[in-house]
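Commentary on secondary and tertiary structure
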Amino acid sequence: MHSITGPLFVGRDTHAISEQTFYVTLEVLAGNGVAATTDAQNSLTPTPAVSRAIIEYNIGRSDGFADGIIITPSHNPPEDGGLKYNSPHGGPAGTETTSWIEASANILLKQGLTGVRRLASGRSGAIARTYDYLGKYIEQLPTIVNLEPIRSAGLKIGVDPLGGAAVHYWGRLADRFKLDLTVTDDTVDPTFKTIPRDWDGKIRMDCSSKYPMERLLAIKEKFDIAFANDTDADRHGIVDTNGLIEPNSYLALCAHYLGMTRPAFAAKTIGKTIVSSSIIDRVAAALGSGVFEVPVGFKWFVDGLGKGEIAFCGEESAGSSYLCRDGAVWTTDKDGLIAALLAAEMMAVEQMPPTAQFAEISAKLGPTYYARVDHPAEKALRDRLGSITSDNIAVTSLAGAPIVRKETTASGNGAKIGGIKLSTEKGWIAVRPSGTEDIYKVYAESFESDDHLSALQVDAQMIVRTL
């Protein structure tokens, strides 16, 4: 129907259900005559390695394009499962494609899966191909990260894969480029019982949260720089001797450093989500770069990255990607490994930890005070938040300042944000439901102080209670 006739690259993470789903997926693909391309070692495959494989295969082609599937529920709890489709552009599928997949799947479910063609277990390998995801990905890393300063500086690096799919990548990477890198815990356990529990007592492999990152933070003094990834390695958490750097701060720092050190990035656009910090806008202005602001969802950055128009982009939930050093496309999905390695590159080149580098930028461009707080939410409330309009908001001020802007669509592409953002001259709030868990999220940023930030958060909660 969609004339995608090339190989389909398949990867998986370490969730318990991912392995079962992986083999069922291969059987269904084989039953439909699709050539699945799996890891040569039958091992784990991070999201960025699949994205990179699709892009590399499709470069220069006019037909026979490849696409991909990554079996992962991201950083979500151990009992969760997920299956993500990446289009021939290498990134998350767009709304039209995912809606078609969802509608088709629901029809099959209503029919009791009677229309699903599936080759018997054990025979799916007949038309499967293999690919050295790990070797190919590591081999090409010097095209995107400047690894020589890291090696020359002799930085002591710590990595906690949080039991995820990157667990085997970091050791091979260290050996290949002669880095002083220690994997602090290489346990792969589908229960993830060794991961510290998150804010609500649930186990999440969220490398942007201080709770799952406790064990790496406890040994931060042993390393010059340390980092972690979530289970499919599309997110990053950065730790230096001063602690865990806030995701928005790190995104702003990355945008600034890349814009200053990569000539091929000059004046190219910086991508951000509408709920990310305004410090990113200030960095872009200082660099003379445009800003492409979109709803939450990395799919909105795919075209810009693929065309080389977006130099760097990121989401406040610690997912990002950027172009190769020569300006060519690397991945069109989030890549937590290159985000982590960039922290080491920045530290080696600038000779100061990332937290100190960001402090300098903040002092120059003006500080902001940002926070995201998650709250439990039943489906009815999530539905109301997801369909909210400006007319639903009766208040006219936030923390004592008049509301000057109400946004339910993003300025970059006019797409709905699935929530609302309210801004004053002194700060802003945004509320939106999670797409994967029974929670809603409150984002707030003050341009004045922590106390003002708290006042914004209080008003945000009041608004939610009135819905």
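The rules behind the values
- Residues numbered from 1 in each chain as written.
- Predicted model: local features only at pLDDT ≥ 70, side-chain atom pairs only at ≥ 80, totals over all residues.
- Heavy atoms only, no water.
- Pairing = 2+ DSSP bridges.
- Helix = DSSP H or I, 4+ residues; strand = E, 2+ residues; numbered from the N terminus.
- Contact = heavy atoms within 4.5 Å.
- Axes fitted to C-alpha atoms, helices over the stretch in contact; angles between N-to-C directions.
- Buried < 20%, exposed > 50% of the residue type's maximum accessible area, 1.4 Å probe, protein only.
- Phe/Tyr/Trp six-rings, centres within 6.5 Å; stacked < 30°, edge-to-face > 60°.
- Lys NZ or Arg CZ within 6 Å of the ring centre and 35° of its normal.
- Core = buried A, V, L, I, M, F, W, Y, C linked by side-chain atoms within 4.5 Å.
- 1 Å grid on protein atoms, 1.4 Å probe; cavity = no way out; pocket = protein on both sides within 12 Å on 5 of 7 lines; lining within 4 Å.
- Points joined across faces, edges and corners; volume = space filled by probe spheres on them.
- Nonpolar A, V, L, I, M, F, W, Y, C, P; charged D, E, K, R; others polar.
- Arc of directions from axis to C-beta.

With mixed pairing, the five strands of this open sheet are ordered in space as E7-E6-E8-E9-E10. Because the sheet does not close on itself, it has two edges, and the strands there are strand E7 (180–183) and strand E10 (243–244). Of the pairings in the sheet, the one linking strand E6 (residues 156–160) to strand E8 (residues 225–229) comprises four bridges and is parallel in character. Bridging from a neighbouring strand, Ile157 pairs with Ile225 of E8. Sitting on the sheet, helix H11 (residues 336–350) is in contact with E6, E8 and strand E9 (236–240), with an inclination near 170° to E8.

Right, let's get into the sheet that holds strand E12 (residues 291–294). Strand order in the open sheet made by the four strands is E12-E11-E13-E14, with mixed pairing throughout. Each edge of the open sheet is held by one strand with a lone partner, namely E12 and strand E14 (319–322). Taking the axes of each pair of neighbouring strands and ignoring which way they run, one obtains an average angle of 15° across the sheet.

Of note, the phi angle at Leu113 is positive, near 65°, even though the residue is not glycine. Tracing the backbone through its elements, the reader meets Leu113 in the loop between helix H3 (95–110) and strand E5 (129–131). The class of Leu113 is partly exposed, set by a relative accessible area of 45%. Residue Leu162 is not a glycine yet carries a positive backbone phi of 55°.

This next bit is on the packing of aromatic side chains. Aromatic ring pairs: the centre-centre distance and the angle between the two ring planes describe each pair. All told, the structure shown has 10 aromatic pairs when counted by the stated rule. Centroid distance Phe9 to Tyr57: 6.2 Å. Interplanar angle 70°. Geometry classified as edge-to-face. Separated by 48 residues along the polypeptide, Phe9 in strand E1 (residues 8–12) and Tyr57 in helix H2 (residues 47–58) bring together distant segments of the chain. With 5.3 Å between their ring centres and 75° between their planes, Phe9 and Tyr131 make a pair best called edge-to-face. On the criterion of sequence distance, the pair formed by Phe9 in strand E1 and Tyr131 in strand E5 is long-range, its members being 122 residues apart. For the pair formed by Phe9 and Tyr131, the shared burial category is buried. By the ring-pair criterion, three or more aromatic residues cluster together here, those being Phe9, Tyr57, Tyr131 and Tyr133. Note that Arg282 overlies the ring of Phe447, its terminal NZ or CZ placed 5.5 Å from the centroid.

What follows covers the nonpolar core. In this structure, Tyr137, Leu141, Ile157, Trp170, Phe227, Tyr250 and Tyr322 are the most contacted members of the largest nonpolar core, which totals 72 residues. Ranked by the residues each element gives to this core, the list is headed by H11, at 10 residues. With residues near it in sequence (within four places) discarded, Ile157 still touches Ile150, Asp180, Leu181, Thr182, Phe223, Ile225, Phe227 and Ala344. Core analysis: the next-biggest nonpolar cluster, separate from the first, contains 20 residues, Leu398, Leu422, Val431 and Tyr440 among them.

It is worth spelling out the layout of surface pockets at this point. For the second largest pocket, the calculated volume is near 260 Å³. Lining the second largest pocket are 15 residues, and of these Lys299, Trp300, Val302, Asp303 and Gly304 lie nearest its centre. If you tally residues by element for the lining of the second largest pocket, the top one is helix H10 (residues 302–306), at three residues. Residues belonging to the lining of the second largest pocket are distributed by class as follows: six nonpolar, six polar and three charged.

It is worth spelling out helix H13 (residues 379–386) at this point. Listed as buried for H13 are Leu381, Arg382 and Leu385. Buried residues of H13, seen end-on, are gathered within an arc of 100° and therefore sit on one face of the element. Residues of H13 that are buried in the fold lie against strand E19 (416–423), strand E20 (427–433), strand E21 (439–446) and helix H14 (450–466).

Remember that the coordinates give geometry; whether it matters functionally is a separate question.
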